[in-house]
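Summary of structural features
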Amino acid sequence: MRKILRKLVGKEEETETGTDGGERPLDPELVGEYRTVLLTRATDERVREAGQDGGTTTALLAHALDEGHVDAVVAAVKKNGWKPEPRIITDPDELIEAAGSKYSISPNVSLLNEALAAHESVAIVGTPCQITAVRKAQKYPYGLPDTDAVALTVGIFCTENFEYDNLLALLKDMNVDIDDVERMDISKGKFIVLTKDGEEHTVPVKELGRYSNEACEYCTDFTAEEADVSVGSVGAPDGWNVLIVRTETAEELVQSAVENDVLETKDPEEGNLNLVEKLSEDKKTRIQASKCATWRPYHPNVPL
Amino acid sequence: MEIKTVRIPTGTPGDIHAVMEVSDGVIVNAEVCSSTTPLAWETLVLEKHPEFAIVAAERVCAGCDASAGLAVAEAIENALEVQVPDAATEAREALNAANTVRSHATSLLKSDLDLDADALYTVIKAAKKVLHALGRKPDHPPAITPGGLELETIPTAKVENAAKEALETAEKIKDDTASAVDDLKDEIQAEMNVETYGEPGYKADLTPDDVEIVPPDEFYRMKSALELANNHVALVDGNPTLVGPQARKNLTDHPLDAYTAKAEEIVESLEKIAETSENLDPNADVKTDVEYTSGEGHAAVEAPEGTLLVTIKLRNDRVDEALMVTPSNVKAAVAGRVLKDLEEEHAPTVIKALGLSGRCLTH
Amino acid sequence: MKIAVLSLMACGACARNLEEACHETGHEIVWSSLDGDTGKPDADVLFIDGAVDFTDHETLEKLQETTSAVGTVVSLGSCAATGGFERHVIGMRDPDRYHFTVFPAAKFTDTDYAITGCPPTTDAIAAFLQALDERDEEALRPYKVLSGDYHALKPDLPAPVTGPELPVEDVLLTSNKDLCLGCDLDVIEKDLFCVGCGTCSTACPAMAIVMDEKPVIRQERCIRCGTCFASCPRSFKTTRG
């Protein structure tokens, strides 16, 4: 594994050798099991521009389609007014439409059956809860046939998600019209909305709670711990992504993407990976303060 | 002379019984009926939404599930005078063919022929792929809906590959079946002298006017059969008639030719699927909007085990009246005649070959 | 393992998928009522498929006799486990002529495990067979809980909720015990456990669920099988790996 890391990191090899061979950059207790952590971005500037930060997800999936690693990708595309919608994508160029984060619910897994019905191997991009759902479907495939054909799961770091109406309400409270939004981002503890006139509107993440989807309060998974590979921007320098590679297949794919000059990499030391750990930990402890902690089943013998 | 009632395991759900008058080990007279508790499809869909009638029909019997759903959908469309896009009809035809492949292969597995199970499962896998691709699930395909199929695009490439890859195995099954049937024919001497109905293809032109449905107490003459029977039987043009693969392939010399016909239909169905998917545009429109009004319509489909007729009367978006004539309903009338003059011990093998399901009979 | 199949009021799809799964995984079906076997099966596991009419004494006796002979009993598919499609049949008969009261087989006999689905996919049955063969208690737990006697459950009150899943036992207390979003969507959604992933919609064997951020049930297509609930990532926890 270290060998592959060296190969991936390339010229940074020297800094990796010797000194801290046993030290792992991230605590698996917090971010789940993984093989390697990298800082990456798309080599193609066009992809980077369309993407949220480094465009890693888009570039990696386009590479997977190009190489025939998968036949189709299930991802969320942006419709009018920033409303996301899941779509099955087979053309790498079409992936650009799916690039960038959308801050409301896109039921990506709802298209998985259709994708599996039509294709021999499928990749799915999703939030941590969606990746958990796919893994559950693979282990208990009650109604979903051919789940073995899910060849790649790409998880996106996620603190919380919004129902579309609540996103509109949030923007309204920020005095922003959804049609004027150029870009949305969660970065450095803030929800940042950039409008078309170049202005930046921000809200601290802490205040998002009342707008977010309630089920997110109970979620303990920040980094999509069950994905083949998880991508996010937290802890990465501007314009870069943190890439947590968890399985062998994903590792091979990332490696081939680097070799084919689709992704460029950087030494993880240049980022601030502590932030990933911190947000993971926050999410794992948040549940204790949520409504969930007081949730009880209804039962005739138990007063409400 | 002795009257015997034998429960005949057919490998399909439900209980099939043969009531036989036996003399010196030879069947002189016989009646075949089912004691299975009726599902009562016709009653349970009343006052429900037409879509439920499709979903429910697919759960009558796993053998012909997709075909039953298709027949109901087509009957609803005829009642509403909806024109289904051509591509949808083609895709449905392929779906029906895939259902035929799966049903026949399963039936051959359960036969007394001792065929290569691996080969049959290879073919079943291919059929399941097609059912999944065109019907969105390999069992009880739910994409069947009034107005067409609920598909965004038609996965023609996957369908075509699946069908073509299985063809070679299907050819082998066909040869193996033919020789196995010939061997078994030497053992079981039988003749069939029956009327038949059915042509190769997807839709059949059977109408409710051609069919007479007889309640059990009017059809069965033997006391034991009368006591057991929970099923109606259907006569075509007033006669007990054979439907299904044998009738469609015109192979009616011997009851065991049902297997020969099934094996041949597996090959032909796979060819049909490959051909259809080759010509289909993946992006063709396969669904028209349906507006629920009142009306009455009927449709007949060549289901794996035989012609399946559905009549449905709609009152806006509710089912007002429904009627289903299943392949087993029709075949039950003829099954007694097929047993005649047969040695008693061969009755189970022959009834099994006819492809009766108790659940189908008492839908 | 040696496997026995008892098929009752059913369409046969569950049993067919079981046969396919057995062929794939190399387990042998030694006894099957579909193939005419009667009496007490000599098998390791018995799968019951379908519903039972409670006025049909002959079938009930057959059910008792068969289940008493086998150590592990599994209700295969929703008709056997929770009622599923056959629930629609209740009261649908002409009482003069036929029986008219149909319930899931699991109501009449103790079952150890239940596999939800209409029908459960071949993969689902294969996964269960593997877990059973390896005696993987953790993997088997959901099947076990879903076959349980829901009415006997009592809530474990002091236990705080520590994960994102709504424990299935708690749902059983909350819901109308059919564990089907067509009946029980509230349990997942109104209790605020729905993340809007779309798994219920993708798993539904009748395409009865459309997603508008959260699931919307098309009641006219719902067959009450409960596949949606069992597939929901929030209904029970799965072990990793």
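Reference entry: report on the structure contained in this document. (Residues numbered from 1 in each chain as written. Chains lettered and ligands numbered in written order. Predicted model: local features only at pLDDT ≥ 70, side-chain atom pairs only at ≥ 80, totals over all residues. Heavy atoms only, no water.)

With that settled, consider the overall build of chain C. If you tally the helices and strands in chain C, you get 9 helices and 9 strands. The burial tally for chain C puts 65% of its 241 residues in the buried class. Restricting the contact set of chain C to residue pairs at least 6 apart, pairs at least 24 apart contribute 73%. Accessible surface, chain C: about 8,600 Å² in total, of which carbon and sulfur atoms supply 48%. (Helix = DSSP H or I, 4+ residues; strand = E, 2+ residues; numbered from the N terminus. Buried < 20%, exposed > 50% of the residue type's maximum accessible area, 1.4 Å probe, protein only. Contact = heavy atoms within 4.5 Å. Areas by Shrake-Rupley, 256 points an atom, 1.4 Å probe, with all protein chains shown as cover.)

Now for the nonpolar core. Judged by nonpolar contacts, the single largest core of 183 residues is most densely connected at B:Trp41, B:Val72, B:Ile312, B:Leu339 and C:Phe47. With 11 residues, the single largest contributor to this core is helix H5 (residues 117-135) of chain B. Each of domain 1 (2-146) and domain 2 (155-231) of chain C gives at least three residues to this core. Not counting residues up to four positions away in its chain, the partners in contact with B:Leu339 are B:Ala18, B:Met20, B:Ile27, B:Ala30, B:Val32, B:Ala347, B:Val350 and B:Ile351. Counting 30 residues, the second-largest nonpolar core is a separate cluster that includes A:Val73, A:Val77, A:Ala98 and A:Val154. (Core = buried A, V, L, I, M, F, W, Y, C linked by side-chain atoms within 4.5 Å. Domains from an automatic or database assignment.)

Right, let's talk about the state of the cysteines for a bit. Evaluation of the coordinates by the stated rule reveals 0 disulfides over all chains. Considering cysteine sulfurs only, C:Cys14 is the nearest to C:Cys22, which forms no disulfide, with 13 Å between them. (Disulfide = S-S within 2.5 Å.)

Here the focus is the packing of aromatic side chains. According to the stated counting rule, one finds 12 aromatic pairs over all chains in the structure shown. Centre to centre, the rings of A:Tyr140 and C:Tyr143 are 5.4 Å apart; their planes meet at 55°, and the pair counts as tilted. One end of the pair, A:Tyr140, is in the loop between helix H8 (128-139) and strand E5 (150-156); the other, C:Tyr143, is in helix H5 (residues 137-146), on a second chain. The class for A:Tyr140 is buried, based on a relative accessible area of 3%. Ring plane angle 45° and centroid distance 4.7 Å describe the contact between A:Tyr218 and C:Phe193, whose orientation is recorded as tilted. One end of the pair, A:Tyr218, is in the loop between strand E8 (200-204) and strand E9 (229-232); the other, C:Phe193, is in the loop between helix H7 (181-189) and helix H8 (199-203), on a second chain. Here C:Phe193 falls in the buried class, since its relative accessible area comes to 1%. Every member of this aromatic cluster is reached through a ring pair, and the members are A:Tyr140, A:Tyr142, C:Phe47, C:Tyr113, C:Phe128 and C:Tyr143. Over the face of the ring belonging to A:Tyr34 we find A:Arg24, whose NZ or CZ atom lies 4.2 Å from the ring centre. A cation over a ring is seen here: A:Lys78 above A:Trp82, with NZ or CZ 4.3 Å from the ring centre. (Phe/Tyr/Trp six-rings, centres within 6.5 Å; stacked < 30°, edge-to-face > 60°. Lys NZ or Arg CZ within 6 Å of the ring centre and 35° of its normal.)

This part takes up the sheet that holds E8(A). Residues and elements named next belong to chain A. In space, the 3 strands of this open sheet follow the order E6-E7-E8, with antiparallel pairing throughout. Looking at which strands have only one partner, the edges of the open sheet turn out to be strand E6 (181-187) and E8. Taking the axes of each pair of neighbouring strands and ignoring which way they run, one obtains an average angle of 15° across the sheet. In this fold helix H9 (residues 164-173) packs onto E6 and strand E7 (190-195), with an angle of close to 75° to the strand it touches most, E7. (Pairing = 2+ DSSP bridges. Axes fitted to C-alpha atoms, helices over the stretch in contact; angles between N-to-C directions.)

Okay, the pairing of strand E2 (residues 16-23) of chain B next. The buried fraction of E2(B) amounts to 7 of the 8 residues, a majority that puts the element mostly inside the structure. Between E2(B) and strand E3 (residues 26-34) of chain B, which pair antiparallel in sequence order, lie 2 residues; one of them, B:Asp24, sits at a positive phi of approximately 50°.

With that settled, the discussion passes to unusual backbone geometry. In this model, C:Cys118 is joined to C:Pro119 through a cis peptide bond whose omega is -15°. Topologically, C:Pro119 is positioned in the loop between strand E7 (113-115) and helix H4 (122-133). Notably, B:Glu81 is not glycine yet its phi reads approximately 55°, a positive angle. Its location among the elements puts B:Glu81 in the loop between helix H3 (65-80) and helix H4 (86-109). The backbone of C:Arg224 sits at a positive phi, close to 60°, despite the residue not being glycine.

Turning our eyes to something else, we now look at the environment of C:Ser33. Structurally, C:Ser33 can be placed in the loop between strand E2 (28-32) and strand E3 (45-49). A relative accessible area of 8% means that C:Ser33 is categorised as buried. Sequence spacing of C:Ser33 and C:Thr101 is 68 residues, and the spatial spacing of their C-alpha atoms is 22 Å. Those residues in contact with C:Ser33, other than ones at most four positions away along the chain, are B:Arg7, C:Val5, C:Leu6 and C:Ser7.

Residues and elements named next belong to chain B. One can find Glu 58 in helix H2 (residues 50-58). We note that Glu 58 is buried and unpaired, the nearest opposite charge coming from Arg 59 at a distance of 4.3 Å. Excluding residues that lie within four positions of it along the chain, Glu 58 makes contacts with Asp 65, Ala 66, Gly 69, His 140, Pro 141, Pro 142 and Ile 144. (Lys, Arg positive; Asp, Glu negative; His and termini not counted. Salt bridge = Lys/Arg side-chain N within 4 Å of Asp/Glu carboxyl O.)

This part takes up the packing of helix H6 (residues 156-187) of chain B against helix H10 (residues 257-279) of chain B. Residue and element names in this part refer to chain B. Look at H6 against H10: their axes get within 8 Å of each other, and the N-to-C directions meet at 165°. In terms of orientation, H6 lies roughly antiparallel with respect to H10. Classified by chirality, the crossing of H10 by H6 is left-handed. Residues belonging to the contact of H6 with H10 are distributed by class as follows: 15 nonpolar, 4 polar and 9 charged. (Parallel < 35°, antiparallel > 145°, perpendicular 65-115°, else oblique. Left-handed = near helix turned anticlockwise from the far one by under 90°. Nonpolar A, V, L, I, M, F, W, Y, C, P; charged D, E, K, R; others polar.)

This part covers the pattern of salt bridges. Two side chains bearing opposite charge may form a pair once their charged atoms approach each other closely. According to the stated counting rule, one finds 51 salt bridges over all chains in the structure shown. In this structure, B:Asp320 engages B:Arg315 in a salt bridge whose closest nitrogen and oxygen atoms are separated by 2.6 Å. For the salt bridge of B:Arg359 with C:Glu86, the shortest nitrogen-to-oxygen distance reads 2.8 Å. Of this pair, B:Arg359 sits in helix H13 (residues 358-361) while C:Glu86 is found in the loop between helix H3 (78-81) and strand E6 (102-104), placing the two residues in two different chains. Using a relative accessible area of 2% as the deciding quantity, one classes C:Glu86 as buried.

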